[in-house]
Every structure is written in C-alpha cells, then in structure tokens.
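Structural overview
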Amino acid sequence: MPGAGVIYLIGPSRGAFSSSTLVGDTLIVANSLCYGAYIAISRPLAERYNALTVITWIFIVGCVATVPAGAISASHVDLSRITFGVWLAIIYIILLPTVGAYYLNA
C-alpha cells in the first residue's frame, strides 16, 4: 500500500479531500501516472541498452520541463544564504544516489 507512509506521517484524521487541496491532489495523481509511465517505458530500454545510456537520456528528457521551472525558482534564491552543510547535502544527493548507483551498475 504505497500511501500508507503518508497516512502514517500526516495522521488519518488530518487528511481531507476538498476544493482547497484540489491542485495538490491533482499533482500527486499526475506524479503517480508519470512515474508509472517512466517505469513502463524504461524497463524495456534498460534491458536493451546500457543502464547509464538509458538514465542519461531520461535525465535529458526530464530536463526539458524541470530546468526552466528550476531556473525561475532559483532566480528568487539568495545563494549567499545557503549554508555549507546544505551545499554538502546537494553534492551528496548528486554523487551518491544519482551518479553512484548508475555508474557502479553500468
């Protein structure tokens, strides 16, 4: 049951389906559909091609939507206020789970 963790974290009594949460609920459903499509499309590709090649193309396609949105958001961030610990966490997230997982399994 994929939603069990979320229900546990927010508490079953705090969940609500109303018009005030419609946008967020719709984004969650869209995310689930996109992830399902990603899994369905990437599996045959991963069987046919090298894992590093597949993930590289997935990241390139994903960048088409995320880079413009991220650039707009990043333009409102004061980079001087980001602590060294946060920069280390960003580097960790990029290197270990992202690059490391596919580089070591390629």
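What you see is a predicted model; the values in this text were computed from it and never measured. (Residues numbered from 1 in each chain as written. Predicted model: local features only at pLDDT ≥ 70, side-chain atom pairs only at ≥ 80, totals over all residues. Heavy atoms only, no water.)

**Re helix H3 (residues 51–74)**
- Its 24 residues place the ends of H3 only 30 Å apart at the C-alpha level, less than the 34 Å of an ideal helix rising 1.5 Å per residue.
- At Cys63, H3 shows its largest bend, some 50°. (Helix = DSSP H or I, 4+ residues; strand = E, 2+ residues; numbered from the N terminus. Expected span 1.5 Å × (residues − 1). Bend = angle between axes of the 7 residues up to and from the residue.)

**Description of the pattern of salt bridges**
- As enumerated under the stated definition, the model contains one salt bridge in all.
- Two residues, Glu47 and Arg43, come together in a salt bridge whose shortest N-O distance is 3.3 Å. Pair noted here: Glu47 and Arg43 are both in helix H2 (residues 22–48), with a separation of four residues, about one helical turn.
- In this structure Arg43 comes out as exposed when scored by relative accessible area, which is 57%. (Salt bridge = Lys/Arg side-chain N within 4 Å of Asp/Glu carboxyl O. Buried < 20%, exposed > 50% of the residue type's maximum accessible area, 1.4 Å probe, protein only.)

**Details of H2**
- Relative to the 39 Å expected for 27 residues at 1.5 Å per residue, H2 spans 40 Å between its end C-alpha atoms, a close match to the ideal helical length.
- Within H2, the axis deviates most sharply at Ser42, by approximately 30°, and proline Pro44 lies no more than four positions further along.

**Some thoughts on the layout of surface pockets**
- A volume near 240 Å³ is recorded for the second largest pocket.
- Taken together, Cys34, Ala37, Tyr38, Ile41, Ser42, Leu45, Tyr49, Thr53, Val54, Trp57, Ile58 and Val61 make up the full set of residues lining the second largest pocket.
- Top element by residues in the lining of the second largest pocket is H2. It accounts for six residues.
- Residue classes in the lining of the second largest pocket are distributed as ten nonpolar, two polar and no charged. (1 Å grid on protein atoms, 1.4 Å probe; cavity = no way out; pocket = protein on both sides within 12 Å on 5 of 7 lines; lining within 4 Å. Points joined across faces, edges and corners; volume = space filled by probe spheres on them. Nonpolar A, V, L, I, M, F, W, Y, C, P; charged D, E, K, R; others polar.)

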